Amino acid sequence: KTYSPQWILISFSDAADKKMKKYVDKDGFTEFVMNIDNGTDNNIEIYGSNNIMYLDGIKDLDVRSINIANATKLVELDISNSTRIEEISLGNNRYLQKVLANNCPKLGLTVDNKTLDLANCATLKELDCSYTHIANVTFNPLGGVIERLNCSYSDITSFNLVGQEY
C-alpha cells in the first residue's frame, strides 16, 4: 500500500533476474507474486519504496536479512515468527510506528553487539522483540512516546531510553 498512486517495480534476482511492474493504487493492497527458482539467498529490490506505507508478507520470505532503509515512509514492519531472518536494517524511517519482530529465533545472532538500531525512528510507538537474540536496543535520542515495549525472553542487557517517555 502506498500514500499515493504510483508504479512500483520489483526485481527478484534469482538465476533468471525476474522483474515485475505494477500500478499501485493508494486505496488498497497490491500483491506481487513471483516463483523463484533458487529458494534461498535472493535479493528482492523494490523501486519506488520511498512512498510505501505497508509491506506485508516479508516474514514469509526465505531471507536472512531485511534492509528497508529506503522505505522511509513505512508505518509498520512485521517479521514476527520468521525462522530465517537474522538482521534488519531500518535506516531513517521517520514514519515507522510499529516493529513486530517477536518469535524470530535467529534475529540478532549475527548482528554486531546484537543491537537493534531504532535511533532514526522518531515516531516509534511499539516494539516487540521477545523470543529473539537481540541484546541491545537503541531508541531515538530526541525522545518520543513508547506505548508498548515487549522484550521478554530475549537477550536484552541494556536499553538507551534517553529522552523517551514510557
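Residues numbered from 1 in each chain as written. Predicted model: local features only at pLDDT ≥ 70, side-chain atom pairs only at ≥ 80, totals over all residues. Heavy atoms only, no water.

Draft legend 1. Just the overall build of the protein, in detail. Tallying secondary structure elements over the protein gives zero helices and 14 strands in all. The buried share of the protein, taken over its 166 residues, is 37%. Partitioning the intrachain contacts of the protein with sequence separation of at least 6 by distance along the chain shows that 30% fall at a separation of at least 24. A total of about 9,000 Å² of accessible surface is found on the protein, and carbon and sulfur atoms cover 46% of it. (Helix = DSSP H or I, 4+ residues; strand = E, 2+ residues; numbered from the N terminus. Buried < 20%, exposed > 50% of the residue type's maximum accessible area, 1.4 Å probe, protein only. Contact = heavy atoms within 4.5 Å. Areas by Shrake-Rupley, 256 points an atom, 1.4 Å probe, with all protein chains shown as cover.)

Draft legend 2. Geometry of unusual backbone geometry. Although it is not a glycine, Asn81 sits at a positive phi angle of roughly 70 degrees. Mapping Asn81 onto the fold places it in the loop between strand S5 (76–78) and strand S6 (87–89). In this model, Asn103 sits at a positive phi of 60 degrees, which is unusual for a non-glycine residue. Inspection of the secondary structure assignment puts Asn103 in the loop between strand S7 (98–100) and strand S8 (115–117).

Draft legend 3. Focus on the nonpolar core. In terms of nonpolar packing, the biggest core is built from 33 residues, with Ile79, Ile88, Leu90, Val99, Leu118 and Leu127 touching the most fellow members. Of all the secondary structure elements, the ones that give two or more residues to this core are strand S1 (6–13) and strand S2 (18–24). The biggest single contributor to this core is S1, with three residues. Ignoring sequence-local partners within four residues, the contact set of Leu90 consists of Ile68, Ala69, Leu77, Leu96, Val99, Asp117, Leu118 and Cys121. (Core = buried A, V, L, I, M, F, W, Y, C linked by side-chain atoms within 4.5 Å.)

Draft legend 4. Seen up close, the pattern of salt bridges. The full count for this structure, using the stated rule, is seven salt bridges. Here Lys98 and Glu76 are joined by a salt bridge, their closest N and O atoms 3.9 Å apart. With a gap of 22 residues between them, Lys98 in strand S7 and Glu76 in strand S5 connect regions that are remote in the sequence. For Glu76, a relative accessible area of 24% corresponds to the partly exposed category. A salt bridge links Lys114 to Asp155, with the shortest nitrogen-to-oxygen separation between them at 3.4 Å. (Salt bridge = Lys/Arg side-chain N within 4 Å of Asp/Glu carboxyl O.)

Draft legend 5. Inspection of the confidence of the model for the protein at higher detail. Within the protein, residue pLDDT values average 82, and 86% of them lie at 70 or more. Within the protein, strand S14 (residues 164–165) has the poorest average pLDDT of any element, 58, and strand S9 (residues 126–128) the best, 95. (pLDDT = per-residue confidence, 0-100.)

Draft legend 6. Fine view of the side chain of Ser130. By the secondary structure assignment, Ser130 is in the loop between S9 and strand S10 (136–138). Look at Ser130 and you get buried, because its relative accessible area is 4%. When sequence neighbours within four positions are dropped, the list of residues in contact with Ser130 reads Ala101, Asn102, Asn103, Asn150, Cys151, Ser152 and Tyr153.

Draft legend 7. View of the sheet that holds strand S12 (residues 148–150). Across the sheet, which stays open at both edges, the four strands sit in the order S5-S7-S9-S12 with parallel pairing between neighbours. The open sheet has two edge strands with one neighbour each: S5 and S12. When the angles between neighbouring strand axes are averaged without regard to direction, this sheet yields 10 degrees. Pairing analysis gives three bridges linking S5 to S7, with the strands arranged parallel. Among the inter-strand pairings, Glu76 is bridged to a residue of S7, identified as Lys98. (Pairing = 2+ DSSP bridges. Axes fitted to C-alpha atoms, helices over the stretch in contact; angles between N-to-C directions.)

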